[in-house]
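Fold and contact review
Residues per chain, in single letters:
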Amino acid sequence: MPGAKQESDYLRKALVCIDSAEDQPVPKPLVKTMIAAMSVLIAKFQNTPDVSAVMQAITTIQSDLKTTAETVQSTAMRIQQNTITHQQIAILSQETNQAVKEAAETRRTTTELLQETNDIAKATNDIAKAIQSTPSPKASYASVLSSNAAPLSKPITISTKTSSFIQAQREIIVKITDTSTIESLRAKNPRNLQNHVDRAIEQSRNKHIERIRVASANQLKSGDLSIKTSNRNDAEALKQFANDWINRIGRGTSIRLPTYGILAHGIRTSSMNMEKFDEIKAELLHDNRPFIPSADIKYIGWLSRAASTNAKRAQHVATVQNRTARKIAPPRSTSPP
């Protein structure tokens, strides 16, 4: 069926044709076609929607589009929030895994501490048993320590001082004099500080220490760094090779090595000349080298000022830079008769 424009054109042409025919009768087919075209055209006008209805429909569509856009935006925001939540959950999971790892490390450290405590208790039992066996007067203190005595039947309780001593053996104090290094380390939390120390040790490329991981790292009020290892062997290795990793912590860092005092009673003042420090030190280290080859003596002197004028026996003090200070025996030439 022709469109409305074609029908309108057809009716205009039909009117022109009728006007040109003047008084002549109009052919019946033409009139019939004109009436049919007018009927179709009127029907099309009747079926044409109202403009206001069209505008209302357009407004409704716009409103629906706006609602759809807001829904899409809201959905996108929820998806973003869910993504952030998933990231937070992942971070929390990592922190939980780290906490579990630290707990396992703490349990391992505790087990090693108990083992060290048992070793110390066994060594104490050996010494007590050796003393009870009453060695001959000619036996030296060093030979008593080296004897293989059976442990006592009764257990020996480890005191708080002994526990503190064990803790001190696992601790390394890093002295820091550079202000910028102190402030930089102070900005780190304990976990980041521990990771910083682990990286410094790993980057040393020293095969003796590069696999060591510290148990904790904390900054003291003085600005110095307190590092604790899982066992005393790790602490001694880190002290021994300090030059390979300590500078990676920061500028102005150094290791503070502890010293331990020894008192030797009944030493004749005439048997030792304190001005010959190197000779006395060499003799002490030589006598004890089979038992503690890594010992080093920093100071030797009389306990009291009056000892230098006392011809009888006096107390003798030596400061040793080694955790086995209690095993140091006096030189044979200076032992009391």
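Everything numeric here is computed off the predicted structure, so don't read it as measured data.

Cut-offs used in this document
- Per chain, the residues get numbers from 1 upward, laid out in the order the sequence is written.
- For this predicted model, a pLDDT threshold of at least 70 governs which residues receive local features, and a threshold of 80 or more governs which side-chain atom pairs are given and counted, while totals over whole chains, interfaces and linings are taken from all residues.
- The side-chain figures draw on all heavy atoms in the structure; neither hydrogens nor water molecules are used.
- Basic side-chain nitrogens of Lys or Arg form a salt bridge, by our definition, when they fall within 4 Å of a carboxyl oxygen of Asp or Glu.
- The helix and strand labels rest on DSSP assignments: H or I over at least four residues marks a helix, E over at least two residues marks a strand, and numbering proceeds from the N terminus.
- Relative accessibility thresholds used throughout: buried, under 20% of the residue-type maximum; exposed, over 50%; partly exposed, between the two (1.4 Å probe, protein chains only).
- Scored between 0 and 100, pLDDT is the confidence that the predictor attaches to each residue.
- Contact between two residues is taken to exist if any of their heavy atoms lie within 4.5 Å; hydrogens are not considered.
- Following DSSP output, two strands are said to pair if at least two bridges run between them.
- Convention adopted: a line fitted to C-alpha atoms gives each axis, helices being fitted over their contacting stretch, and angles between N-to-C directions are expressed from 0 to 180 degrees.
- Distance and chemistry together define a polar contact, namely a pair of N or O atoms within 3.5 Å, with one atom able to donate a hydrogen and the other to accept it when in protein, and with adjacent residues in sequence counting only for side-chain atoms on both sides.
- Here, nonpolar core refers to any group of buried Ala, Val, Leu, Ile, Met, Phe, Trp, Tyr and Cys residues whose side-chain atoms link them within 4.5 Å.
- Nonpolar side chains (Val, Leu, Ile, Met, Phe, Trp, Tyr) are joined into patches within 5 Å and like charges within 9 Å, using only residues with over 30% relative accessible area and no salt bridge.
- Working definition of accessibility: Shrake-Rupley area with a 1.4 Å probe, residue cover restricted to the visible protein chains.

Comments concerning the pattern of salt bridges
Taken as a whole, this structure holds three salt bridges when the rule is applied. With a closest N to O distance of 3.6 Å, K175 and D224 form a salt bridge. Of this pair, K175 sits in strand 1 (residues 171–176) while D224 sits in the loop between strand 2 (216–219) and strand 3 (225–228), placing them 49 residues apart in sequence. The class of K175 is partly exposed, set by a relative accessible area of 33%. Among the salt bridges present, the one from R213 reaches E202, with a minimum N-O distance of 3.5 Å. Of this pair, R213 sits in the loop between helix 7 (190–202) and strand 2 while E202 sits in helix 7, and the two are 11 residues apart along the sequence. For E202, a relative accessible area of 39% puts it in the partly exposed group.

Concerning the confidence of the model for the chain
Residue-level pLDDT values for the chain average 76, and 72% of them are 70 or greater. Confidence drops under pLDDT 50 across residues 148–154; counting only partners more than four residues distant or on other chains, this segment forms 13 contacts. Overall, residues 333–337 carries pLDDT values under 50, and its contacts beyond four positions in sequence, including any with other chains, amount to 10 contacts.

Here's the deal with the sheet that holds strand 1
Ordered in space as 2-3-1-4, the four strands form an open sheet in which the pairing is antiparallel. The open sheet terminates on both sides in strands that have one partner only, identified here as strand 2 and strand 4 (253–256). Each strand of the sheet is rotated relative to its neighbour by a mean of 25°, with strand direction disregarded. Sheet topology note: the strand 2/strand 3 ladder contains four bridges and is antiparallel. For A217, the partnering residue across the bridge sits in strand 3 and is I227.

Things to note about the side chain of S204
The residue S204 is located in the loop between helix 7 and strand 2 in this model. Among the polar contacts listed, one links the side chain of S204 to the backbone oxygen of I201, at a separation of 2.5 Å. If we ignore the near neighbours within four places in the chain, the residues touching S204 are I209, E210, D244, W245 and R248.

Concerning the pairing of strand 4
Residues T253 and I255 of strand 4 are buried on one face, while the alternating residues S254 and R256, pointing to the opposite face, are not. Pairing analysis gives four bridges linking strand 1 to strand 4, with the strands arranged antiparallel. When the sheet's bridge partners are listed, I173 is paired in strand 4 with R256.

Brief notes about the nonpolar core
Ranked by size, the top nonpolar core spans 23 residues in total, and within it V174, V197, L225, I227, L238, W245 and I249 carry the most contacts. For this core, the secondary-structure elements that each account for two or more residues are strand 1, helix 6 (179–186), helix 7, strand 3 and helix 8 (232–240). Among the elements that take part in this core, helix 7 stands out by supplying four residues, more than any other. Sequence-distant contacts of L225, that is, excluding residues within four places in its chain, are made with I172, I173, V174, I176, L185, L193, V197, N218, Q219 and I249.

Regarding the environment of T177
Inspection of the secondary structure puts T177 in the loop between strand 1 and helix 6. When the C-alpha atoms of T177 and G223 are compared, they prove to be 8.3 Å apart, with 46 residues separating the residues in sequence.

Some remarks on a nonpolar patch on the surface
On the surface, V51, V54, M55 and I58 cluster together to form a nonpolar patch covering roughly 340 Å² of accessible area. If you trace the backbone, I58 turns up in helix 3 (residues 51–132).

Considering the side chain of N231
Take N231: it is sitting in the loop between strand 3 and helix 8. When sequence neighbours within four positions are dropped, the list of residues in contact with N231 reads E112, E116 and R170.

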